[in-house]
Amino acid sequence: MTSVLLIYPYFDSGRRSIFRFPPLGVAYVAAAVRNAGHRVSILDCTFMKRADALRAAQAVRAEVVGIYSMVSMRNDSVMFARTLRGQSGLLVAGGPLPSCEPASFIDDFDVVVVGEGERTIVEVLGAYESRCDLSSIPGIMYREEGSPDTSRLQSGRSRDGKSSIPEGVSESEREVPTHPDSSRDGVGTRSGKVLFNGKRNLEPDLDAIAFPARDLLPNSLYIDYSKRKYGQALTTVMTTRGCPFSCEFCSNAVFGVGHRERSAGNVVDEVEQALALGYDRIHFADDVFTLDTRRVLGICDDIKRRGLDFHWECLGRVDSVNSEVLAAMKAAGCDRIFFGIESGDDSVLKLMRKNITVAAARGAVEAAHAVGLKTGAFFILCYPGETDRTVLTSIKFAVSLPLDYLSFTVPYPLPGTALHERVKSKMKSAWRHGSGLVPEHSLIFDADFSEAKMKFAILKGRAEFAIKGALRGRGLPLAGAFEAATDALFRLMK
Ligand code: B12
């Protein structure tokens, strides 16, 4: 039995969104580790200060430390790794960012897990305990023997001493150059060849995966926080993995493009488990919860059959809902649906590879509104390839919809996405936390629109949406005058 600490290095910078969702991925990994017989704890930093979290991580003295990372958390995950190096036997990175850029983590970690983590971490722990064979574990990048940090692990050789490279991965493909930035701060000095064992196949049967270990999360803090912010105790559940669409801006390095579903009964079992912990609102965090209408109807039926009393919300695709399914969702406790619409101009939607139309977007939002659901939508403004005209069209379209919640963001070329490929020569920084008037957003590449112009567009959109809400159909000339004046200003800006 190995002692394992899993860290979710999210810190509230005070500038980011009000959402505080528990780290489901880390909780899934924790459940797998525990079920394999190890001792595991989670350090969720969401409600902590950095110094306290670092002290807490050191106090655990775990043999193996696994650290989550996504694009906004790279620095903090690396900070933990550097602080805990030397104190723990093995440092493992995992999550969305290590999955798309494993090489950029290998100077600070001994093993980087690419993709779904449940099986991989258990195999890595097995190798750690028996001091052998990392080369037969798919889905990892690691440093070959010779590195002081992996000396507990024999890599590149199986127990019988033969080289065991997974099928489909050649010797030369396994050798990976480290990240160009890795020599920063003198950390690029570790010895040993870096090897990648190739991707692991995705788990075909999602019902076979153990539910996330929610009991290891700071539930009372999430419950207090969400009751204060939204009046209900909110947590997330993931009912599908992967998305069959290929939006240019979306990062799908963990779950890929295939769409896998959990059965209705399995989903509702997990919902019941979450409700038993004191939650009374579920946010289904799937990329596209509504893709398979039959399954959604099955989940709704099961919720009603079991008489569960809670409210829920989800993200829908505009071309996968209709009045019938929306009404069934409402009857089963759904009270809000979000749509990733992204643009109000068909040519920009094509550029984004969204595979939806403006007409379908309007139809879906109106249908949801008509059955009595609250509606929310996300838009990206000033996407690469947009013109002043299309940005203004998008804002006008968004504000014209019957929405209760409306979010505008600047474009983020995330590593590993097709958008990143398109603008990679213009990238300024991998990630930067925002400041100024729209502090939750910042521009990370040299775009045709300045950051100030993008933020002006966001503020203009938010103001028009607020004016519309405040006027409730009255005072249209005032709204029209605001729109015309800010349109003109927007066009004048660089
Ligand atoms: C819910 C959600 C949020 C929530 C909060 C996150 C949370 N705590 O749940 C909110 C709304 C706040 C949010 C905000 C943002 N998000 Co978000 N979010 C998601 C979403 C939709 C679901 C997350 C989830 O629960 N996944 C389910 C679990 C099971 O998956 P997982 O975490 O990847 O875990 C698996 C593996 O990664 C691995 N693993 C995970 N942890 C570990 C740890 C170890 C040690 C190991 C070995 C393995 C491992 O094993 C797990 C099980 O197989 C994902 C999309 C997605 N499909 O995952 C985006 C996603 C994670 N978000 C993303 C982004 C970009 C953001 C923002 C930066 C957006 C923005 N522009 O502001 C912000 C950043 C906020 C911040 N913290 O700084 C990207 C990350 C891309 C990247 N390459 O880093 C994603 C992937 C969306 C996308 N497709 O582009 N997000």
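Refer to the structure printed above.
Residues numbered from 1 in each chain as written. Predicted model: local features only at pLDDT ≥ 70, side-chain atom pairs only at ≥ 80, totals over all residues. Heavy atoms only, no water.

Colleague: So what about the sheet that holds strand β14 (residues 374-380)? Which residues, and what values?
Modeller: With parallel pairing, the 6 strands of this open sheet are ordered in space as β8-β11-β12-β13-β14-β15. Each having just a single partner strand, β8 (234-237) and β15 (405-409) make up the two edges of the open sheet. Across the sheet, the mean angle separating the axes of adjacent strands is 20° when strand polarity is ignored. Bridge count for strand β13 (residues 334-342) against β14 is 6 bridges, and the pairing is parallel. Bridge pairing links I337 to T375 in β14. Relative to the sheet, helix α13 (residues 388-400) contacts β13, β14 and β15, its axis offset from that of β15 by approximately 165°. (Pairing = 2+ DSSP bridges. Helix = DSSP H or I, 4+ residues; strand = E, 2+ residues; numbered from the N terminus. Axes fitted to C-alpha atoms, helices over the stretch in contact; angles between N-to-C directions. Contact = heavy atoms within 4.5 Å.)

Colleague: Describe the packing of helix α9 (residues 293-305) against helix α10 (residues 323-331), naming the residues involved and giving the relevant values.
Modeller: Axis separation between α9 and α10 bottoms out at 9 Å; the angle between their running directions is 25°. On the basis of the axis angle, α9 is roughly parallel to α10. Crossing geometry of α9 relative to α10 is assigned as left-handed. Contacts from T293, V296, L297, C300 and K304 of α9 reach α10 at E324, V325, A328, M329 and A331. (Parallel < 35°, antiparallel > 145°, perpendicular 65-115°, else oblique. Left-handed = near helix turned anticlockwise from the far one by under 90°.)

Colleague: Can you lay out the nonpolar core for me, pointing to particular residues and giving the numbers?
Modeller: Grouped together as the largest cluster of nonpolar side chains are 72 residues, with contacts concentrated most on W312, M329 and I341. Discounting chain neighbours no more than four positions away, the residues touching W312 are R281, I282, F284, F289, C300, I303, M329, A332, G333, C334, D335 and R336. Listed in part, the 31 residues of the second largest apolar core include V40, V64, Y68 and A213. (Core = buried A, V, L, I, M, F, W, Y, C linked by side-chain atoms within 4.5 Å. Buried < 20%, exposed > 50% of the residue type's maximum accessible area, 1.4 Å probe, protein only.)

Colleague: Would you mind going over the packing of aromatic side chains in detail, with residue names and values included?
Modeller: Describing an aromatic ring pair means giving the distance of the ring centres and the angle of the ring planes. This model, assessed by the stated rule, comprises 16 aromatic pairs. The interplanar angle of 70° and the centroid separation of 6.3 Å between the aromatic rings of F379 and F397 together place this pair among those described as edge-to-face. Of this pair, F379 sits in strand β14 while F397 is found in helix α13, placing the two residues 18 residues apart along the sequence. The same class applies to F379 as to F397, namely buried. Taken together through their ring pairs, the aromatic side chains of Y8, Y10 and Y68 make up a single cluster. The ring of Y28 has R241 lying over it, and the distance from NZ or CZ to the ring centre is 4.8 Å. The side chain of R295 reaches across the aromatic face of F289, ending 5.5 Å from its centre. (Phe/Tyr/Trp six-rings, centres within 6.5 Å; stacked < 30°, edge-to-face > 60°. Lys NZ or Arg CZ within 6 Å of the ring centre and 35° of its normal.)

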